[in-house]
Amino acid sequence: MSHHIVEFKNVFFRYPDGTEALKGVNFRITHGESVGVVGANGAGKSTLLQHMNGYLMPTSGTVTIGDLTLTGKTKREFRKKVGIVFQNPDDQLFMPTVFDDVAFGPLNLGMDEASVRERVRKALGMVNSLDLQDKPPHHLSSGQKSAVAIASVMAMEPDILAMDEPAANLDPRSRRSLISLLKTFKHSKIIASHDLDLILDVCERCIVIGGGAVVADGPSAEILSNKAFLEENNLELPLSFQGRS
Amino acid sequence: MTFDTLYFDIGRMDRLSYRETFVHRLDPRAKVIATILFLFTVISFPKYEIVALAPFFLYPVLLLTVGEIPVRFIIKKMIVVSPFAVFIGIFNPILDTRTAAVIFGVSLSAGWISFLSILLKFALTISAALLLIATTSFPGVCHALRRLGFPALFVSQLLFLYRYLFVLMEEAMRIVRAREMRSFGSRGTGMKVFVRLIGILFLRTMDRAERIYYAMLSRGFHGDIPSLKRSRIAFRDLAFMAITIAFLAVFRFLPITEGIGRVA
């Protein structure tokens, strides 16, 4: 399947208040690739992700997935293809029970009851959270919330999974199980994070954003071991590369 | 009562509704209809009625017992809202001074009787409403309302209210704690700061609303919140409704209490 290629061509974006968030972003992600997006606070990572499913529209330049170019008309198609997992699960889990939340996407796709139930069961099974389905989200722990948030996106069966800081607020063990979970997904993945060890573990490729443009793009192991370059971009060596003296 | 205890109190109410008893298992629709009928029956009594209201306490007491809801918890909640009822009725004894009855030589004015009647009705209606919430999960109530024909917009507002009540309260709790930690003594706790805190909370809520909307759009939202049928009316639900309706009708239209009084 070669049609899940994500391509940003010379994408500029300016917020209504005049802030230039993206200044000519170019990259191309092929099918099945895992790509980490890193950069300093305010470098434009979240803005970039919000272009992935048409929540924000480029001021100029194009975003394409396969043969589909992002416009006002193709927004809905984009949202079917790209599943976005948010940094804060409380923003993502807006329905009163876990079941309803995971079912929200499939129901909006107009599926019938039996297939919705099947999708929900599959998605929750994937993140080992089947027993949570009748619980309201505010009775869940942060780790459970983030698992359910992923399930709610997986239930739409997207081709591409985009995540914003998936491991924020997780304890080390939940973080570890999230990492092993992410490794089992065969989707194209785009993960924006400051957790460089997570990127190193999950993504073979890494894009560094600085000042609204791509400043580096290459194999994670290579980029994330270049100490001088990382420090230039407000980053540092992943902990696993830092020798303890 | 501090903000924290208030927060955990609501949480407790919510947890009660996820228990498993006969009352909890009844279909939410049956309970919603029964409660609405109960409320209308109680408020349909004339303003000087006291005696005929007494048997209606059977309904909340039964729900309370079978649903294993702690009595003190419900009574506490009722006391919290009681000022409303008290202020509605407090002037009746002053304005309505006709003598209605003489008990042991003390004349009782009609105002006192109507005041007492208001309090009784208040106790009955509030306890019934509280028990509905304490024995039915809130999403259950919402789905019941939706399927009974309430407008979709109204029901989704209720669902969001429930979902984000806890998130918002935690947000407020964090702000309040942060203030307390740095306001030594009374400085920083005044009205001026309070107003600003409310402002901050409002802004944060707006931001959150936008992120939630984004999340909804990402999952194909286009104006209506869909939901699946989750429950069927079973025999016990029909039985529960039939008994409730019979109970309400008998005690509303037949002078049972008076009858018992005469026989005794």
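All of these numbers come straight from a predicted model, not from anything done at the bench. (Residues numbered from 1 in each chain as written. Chains lettered and ligands numbered in written order. Predicted model: local features only at pLDDT ≥ 70, side-chain atom pairs only at ≥ 80, totals over all residues. Heavy atoms only, no water.)

Participant: When you look at the overall build of chain B in this model, what are you seeing that I'm missing?
Facilitator: Check the secondary structure of chain B and you find 12 helices and two strands. Relative to a compact globule of 264 residues, whose C-alpha radius of gyration would be 18 Å, chain B shows 23 Å and is clearly more extended. Across chain B, the fraction of contacts at a sequence separation of at least 24, relative to all contacts at a separation of at least 6, is 78%. When the accessible surface of chain B is split by element, carbon and sulfur atoms take 71% of a total near 15600 Å². Across chain B, the mean location of the 32 positive side-chain charges is 2 Å away from that of the 16 negative side-chain charges. (Helix = DSSP H or I, 4+ residues; strand = E, 2+ residues; numbered from the N terminus. Rg over C-alpha atoms; globule rule 2.2 N^0.38 Å. Contact = heavy atoms within 4.5 Å. Areas by Shrake-Rupley, 256 points an atom, 1.4 Å probe, with all protein chains shown as cover. Lys, Arg positive; Asp, Glu negative; His and termini not counted. Charge placed at Lys NZ, Arg CZ, Asp CG, Glu CD.)

Participant: Looking at this structure, how should I read the sheet that holds strand 9 (residues 205-210) of chain A?
Facilitator: By definition, the strands of a sheet pair up through backbone hydrogen bonds, in either a parallel or an antiparallel sense. All names here are of chain A. Across the sheet, which stays open at both edges, the six strands sit in the order 6-7-8-3-9-10 with mixed pairing between neighbours. Each edge of the open sheet is held by one strand with a lone partner, namely strand 6 (82-85) and strand 10 (213-219). Geometrically, the sheet is characterised by an average inter-axis angle of 20 degrees between neighbouring strands, direction not taken into account. (Pairing = 2+ DSSP bridges. Axes fitted to C-alpha atoms, helices over the stretch in contact; angles between N-to-C directions.)

Participant: When you look at the packing of helix 3 (residues 28-43) of chain B against helix 7 (residues 110-135) of chain B in this model, what are you seeing that I'm missing?
Facilitator: Residues and elements named next belong to chain B. Interhelical geometry of helix 3 versus helix 7 gives an angle of 175 degrees and a closest axis separation of 9 Å. If you check the angle between helix 3 and helix 7, you find them roughly antiparallel. Contact with helix 3, carried on its side by Lys-31, Val-32, Thr-35, Phe-38, Leu-39, Val-42 and Ile-43, involves Lys-121, Leu-124, Thr-125, Ala-128, Ala-129, Leu-132 and Thr-135 of helix 7 and no other residues of that element. (Parallel < 35°, antiparallel > 145°, perpendicular 65-115°, else oblique.)

Participant: Looking at this structure, I do not really get the pattern of salt bridges. What am I missing?
Facilitator: Close approach of charged atoms allows side chains with opposite charge to pair. Going through the model one piece at a time under the given rule, you end up with 21 salt bridges over all chains. Of the charged contacts in the structure, one is a salt bridge between Asp-91 of chain A and Arg-208 of chain B, with a shortest N-O distance of 2.9 Å. With Asp-91 of chain A in helix 3 (residues 89-92) and Arg-208 of chain B in helix 10 (residues 191-218), this pair bridges two chains. Just as Asp-91 of chain A is buried, Arg-208 of chain B falls in that class too. Between Glu-171 of chain B and Arg-204 of chain B there is a salt bridge; the shortest N-O distance is 3.2 Å. Here the residue Glu-171 of chain B occupies a position in helix 9 (residues 152-182), and Arg-204 of chain B occupies one in helix 10, the gap between them amounting to 33 residues. According to the relative accessible area criterion, Arg-204 of chain B is partly exposed, its value standing at 37%. Via salt bridges that share partners, Asp-91 of chain A together with Glu-171, Arg-174, Arg-204, Arg-208 and Arg-211 of chain B belong to a single interconnected network. (Salt bridge = Lys/Arg side-chain N within 4 Å of Asp/Glu carboxyl O. Buried < 20%, exposed > 50% of the residue type's maximum accessible area, 1.4 Å probe, protein only.)

Participant: Any chance you could explain the interface of chain A and chain B here in plain terms?
Facilitator: Between chain A and chain B, the contact holds 34 residues from the first and 32 residues from the second. When chain A packs against chain B, the two sides together hide about 3100 Å² of surface, and 59% of this comes from carbon and sulfur. Remark: the boundary between chain A and chain B carries four salt bridges. Between Asp-101 of chain A and Arg-219 of chain B there is a salt bridge; the shortest N-O distance is 3.0 Å. Linking chain A to chain B there are 11 residue pairs in polar contact (both at pLDDT 80 or more). Elements with a minimum of two residues in the side of chain A that touches chain B: helix 1 (45-52), helix 2 (75-81), helix 3, helix 4 (98-108) and helix 5 (113-126) of chain A. (Buried area = accessible area lost by both parts, 1.4 Å probe. Polar contact = N/O pair within 3.5 Å; in protein donor to acceptor, adjacent residues only side chain to side chain.)

Participant: Is there a simple way to think about the pairing of strand 9 of chain A in this case?
Facilitator: Taken residue by residue, a regular strand's side chains alternate between the two faces of the sheet. Residues and elements named next belong to chain A. Along strand 9, six of the six residues are buried, which leaves the element largely enclosed by surrounding structure. Because side chains alternate across strand 9, one face comprises the buried residues Arg-205, Ile-207 and Ile-209, and the other comprises Cys-206, Val-208 and Gly-210, equally buried. When strand 9 meets strand 10, the two strands line up antiparallel, connected through six bridges. What sits directly across from Ile-209, in strand 10, is Val-214. The antiparallel pairing of strand 9 with strand 10 creates a hairpin that spans two residues between the two strands, and Gly-211 there sits at a positive phi of about 55 degrees.

Participant: Sorry, what's going on with the sheet that holds strand 1 (residues 6-14) of chain A here?
Facilitator: Residues and elements named next belong to chain A. Taken together, four strands build an open sheet; the order of strands is 2-1-4-5 and the sheet is antiparallel. The sheet is open, and its two edges are formed by strand 2 (20-29) and strand 5 (68-69), each paired on a single side. Direction of pairing for strand 4 (residues 60-65) relative to strand 5: antiparallel, over a ladder of two bridges. Residue pairing across strands places Thr-64 opposite Thr-69, the latter belonging to strand 5.

Participant: Help me understand the domain arrangement of chain B in this model?
Facilitator: By a widespread convention, an interface's size corresponds to the accessible area lost as its parts come together. Residues and elements named next belong to chain B. Domain annotation of chain B identifies domain 1 (1-150 + 232-264) and domain 2 (151-227). If you average the C-alpha positions of domain 1 and of domain 2, the two centres end up 32 Å apart. Taken residue by residue, the interface counts 16 residues in domain 1 and 15 residues in domain 2. Of the roughly 1600 Å² buried between domain 1 and domain 2, counting both surfaces, carbon and sulfur atoms make up 79%. On inspection of domain 1 and its partner domain 2, the count reaches three residue pairs in polar contact (both at pLDDT 80 or more). (Domains from an automatic or database assignment.)

Participant: What exactly am I supposed to notice about the environment of Met-216 of chain B here?
Facilitator: Along the chain, Met-216 of chain B turns up in helix 10. Residues Met-216 of chain B and Ile-198 of chain B, 18 residues apart in the sequence, show an inter-C-alpha distance of 26 Å.

Participant: Would you take a moment to explain the confidence of the model for chain B for this structure?
Facilitator: Predicted coordinates in regions of low pLDDT should not be interpreted in detail. Put simply, chain B has an average pLDDT of 83, and 94% of its residues get 70 or more. When pLDDT is averaged over each helix and strand of chain B, the minimum, 71, is found for helix 12 (residues 256-263) of chain B and the maximum, 90, for helix 3 of chain B. (pLDDT = per-residue confidence, 0-100.)

Participant: Teacher, can you tell me more about the nonpolar core here?
Facilitator: Burial of nonpolar side chains together is a common tendency in soluble globular proteins. All names here are of chain A. Of all hydrophobic cores here, the largest spans 49 residues; its most connected members are Val-102, Ile-150, Ile-191 and Val-208. Residue assignment for this core shows that the elements contributing at least two residues are helix 4, helix 5, helix 6 (142-154), strand 7 (160-164), helix 7 (172-184), helix 8 (196-202), strand 9 and helix 10 (227-232). It is helix 6 that contributes the most residues to this core, seven residues altogether. Aside from chain neighbours lying at most four places away, what touches Val-208 is Val-38, Ala-213, Val-214, Val-215, Ala-216, Ile-223, Phe-229, Asn-233 and Leu-235. (Core = buried A, V, L, I, M, F, W, Y, C linked by side-chain atoms within 4.5 Å.)

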